[in-house]
Amino acid sequence: EGYYRRALELHRAALGDDHPYVETNLHNLALMLANIGRNKEAIELQEEALARSRVLYPDGHEQIASSLVALANLYRYDDERSPEAPKMIREAIALESKLYGESSRDVAHSHHELGRILSAQRDYEGAVEAYEQAIALYAALYGERNNNVAVSMDALARTLGSLERYDEAGAMFDRVLEIQNRL
């Protein structure tokens, strides 16, 4: 933590608050704090990073999408803010689609993250749709025998189980095992 805070201080002092390095330092510090369970602090820093990204890149930028995904994942653990999380992920998907095209790795990843958030909110039907989109994109990008495909299929299978669609879940788990055995 000390390293990240020191880097932030140095960049602020040397470059000013409006420099992209400051935004990146805020984002990285927020991610580190989230990894050690200090979500409240992480949310504050990630919100600041997102606000700075929006000022620095008014026409859109990958850093805005990255901050949106990170903040949405933090919000899913916050009862008051969790309803905002899917909207943020959808904004990230729209931005990533504009920046990279609708069939990019980043868009696929954000669909997977949307599935995680919707599943945590018990919107299992929405999660199924998001995971299916992630799987289709990952498979189109890398082929079906890919770890990203398997991870999203595993999440989909668990979500299908939550919906008591056990036959579909079992078949999906079988596909996951088949992919993992071939990797």
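The structure under discussion appears in the preceding block.
Keep in mind it's a predicted model, so treat the numbers as computed, not measured.

Cut-offs applied
- Residue numbers restart at each chain and count upward from 1, following the sequence in its written direction.
- For a predicted model such as this one, the threshold for reporting local features is a pLDDT of at least 70, and the threshold for listing and counting side-chain atom pairs is 80 or more; totals across whole chains, interfaces and linings nevertheless cover every residue.
- Note that the side-chain values use all heavy atoms of the structure and ignore hydrogens as well as water.
- A run of DSSP states H or I qualifies as a helix once it reaches four residues; a run of E qualifies as a strand once it reaches two. Both are numbered from the N-terminal end.
- Only the protein chains shown count as covering a residue, and every accessible area follows the Shrake-Rupley method with a 1.4 Å probe.
- Neither His nor the chain termini are counted; the positive set is Lys and Arg, and the negative set is Asp and Glu.
- Taken as the charge location is NZ of Lys, CZ of Arg, CG of Asp or CD of Glu.
- Salt bridges are counted wherever a side-chain nitrogen of Lys or Arg sits within 4 Å of a carboxyl oxygen of Asp or Glu.
- Note on exposure labels: buried denotes an accessible area under 20% of the residue type's maximum, exposed denotes more than 50%, and partly exposed covers the range between, all computed with a 1.4 Å probe on protein chains only.
- Any two residues whose heavy atoms approach within 4.5 Å are treated as being in contact.
- A fitted line through C-alpha atoms represents every axis, and for helices the fit uses only the stretch in contact; the resulting angles, taken between N-to-C directions, go from 0 to 180 degrees.
- Convention used here: angles under 35 degrees read as roughly parallel, angles over 145 as roughly antiparallel, angles from 65 to 115 as roughly perpendicular, and any remaining angle as oblique.
- Handedness of a crossing is defined here by the sense of rotation of the near helix relative to the far one, left-handed for an anticlockwise turn of less than a right angle and right-handed for a clockwise turn.
- Lys, Arg, Asp and Glu make up the charged group, whereas Ala, Val, Leu, Ile, Met, Phe, Trp, Tyr, Cys and Pro make up the nonpolar group; the residues left over, Gly among them, are polar.
- By convention, a stacked pair of Phe, Tyr or Trp rings (six-membered ring in the case of Trp) has centres within 6.5 Å and planes under 30 degrees apart, an edge-to-face pair has planes over 60 apart, and any other such pair is tilted.
- Here, the term nonpolar core denotes a set of buried Ala, Val, Leu, Ile, Met, Phe, Trp, Tyr and Cys residues that are joined through side-chain atoms within 4.5 Å.

### Considering the overall build of the protein
Thinking step 1. Summing up its helical and strand segments, the protein has nine helices and zero strands in all.
Thinking step 2. From first element to last, N terminus to C terminus, the protein shows the α and β order α-α-α-α-α-α-α-α-α.
Thinking step 3. Seen through its C-alpha atoms, the protein measures out along the principal axes to roughly 60 × 35 × 30 Å.
Thinking step 4. Element-wise, carbon and sulfur atoms account for 47% of the exposed surface of the protein, whose accessible area totals about 9900 Å².
Thinking step 5. Here the protein carries 20 positive and 31 negative side-chain charges, and the mean point of each set is 3 Å from the other.

### As for the pattern of salt bridges
Thinking step 1. For the structure on display, the rule yields 18 salt bridges.
Thinking step 2. We note a salt bridge from glutamate 9 to arginine 6, for which the minimum N-O separation is 3.5 Å. With glutamate 9 and arginine 6 both in helix α1 (residues 2-15) and three residues apart, this pair spans about one turn of that helix.
Thinking step 3. For glutamate 9, a relative accessible area of 47% corresponds to the partly exposed category.
Thinking step 4. The class of arginine 6 is partly exposed, set by a relative accessible area of 46%.
Thinking step 5. Two residues, arginine 175 and glutamate 144, come together in a salt bridge whose shortest N-O distance is 3.0 Å. Of this pair, arginine 175 sits in helix α9 (residues 166-182) while glutamate 144 is found in the loop between α7 (124-142) and α8 (147-162), placing the two residues 31 residues apart along the sequence.
Thinking step 6. Using a relative accessible area of 41% as the deciding quantity, one classes glutamate 144 as partly exposed.

### Some points on the environment of glutamine 63
Thinking step 1. Residue position: glutamine 63 is located in helix α4 (residues 62-75).
Thinking step 2. Taking the C-alpha atoms as reference, glutamine 63 lies 35 Å from leucine 177; in sequence the two are 114 residues apart.
Thinking step 3. Setting aside its immediate chain neighbours within four residues, glutamine 63 contacts Glu23, His27, Ser53 and Tyr57.

### Details of the packing of helix α2 (residues 20-35) against α4
Thinking step 1. Relative to each other, α2 and α4 sit at 25 degrees, their axes nearing to 11 Å. Relative to α4, α2 is oriented roughly parallel. The handedness of the crossing between α2 and α4 is left-handed. Packed against α2, whose contacting residues are Glu23, His27, Leu31 and Ala34, the element α4 presents Gln63, Ser66, Ser67, Ala70 and Leu74 at the interface.
Thinking step 2. Across the contact of α2 with α4, the residue classes tally to four nonpolar, four polar and one charged.

### A word on the side chain of serine 97
Thinking step 1. Structurally, serine 97 can be placed in helix α5 (residues 85-100).
Thinking step 2. For serine 97, a relative accessible area of 18% gives the class buried.
Thinking step 3. The residues contacting serine 97, other than those within four sequence positions of it, are Glu102 and Val107.

### Focus: the packing of aromatic side chains
Aromatic ring pairs are reported here in terms of the distance separating the ring centres and the angle at which the planes meet.
Thinking step 1. Inspection of every chain in the model, using the stated rule, returns two aromatic pairs.
Thinking step 2. Aromatic pair tyrosine 138 and tyrosine 142: ring centres 6.3 Å apart, planes at 25 degrees, arrangement stacked. On the criterion of helical spacing, the pair formed by tyrosine 138 and tyrosine 142 is a turn pair, its members being four residues apart in helix α7.
Thinking step 3. What makes tyrosine 138 buried here is its relative accessible area of 5%.

### Brief notes about the nonpolar core
Thinking step 1. Of all hydrophobic cores here, the largest spans 51 residues; its most connected members are Met88, Ile89, Met153 and Leu156.
Thinking step 2. Only α2, α3 (39-56), α4, α5, α6 (105-120), α7, α8 and α9 provide two or more residues apiece to this core.
Thinking step 3. When residues no more than four places from it in sequence are discounted, the contact partners of methionine 153 are Ile135, Glu144, Met172, Arg175, Val176 and Ile179.

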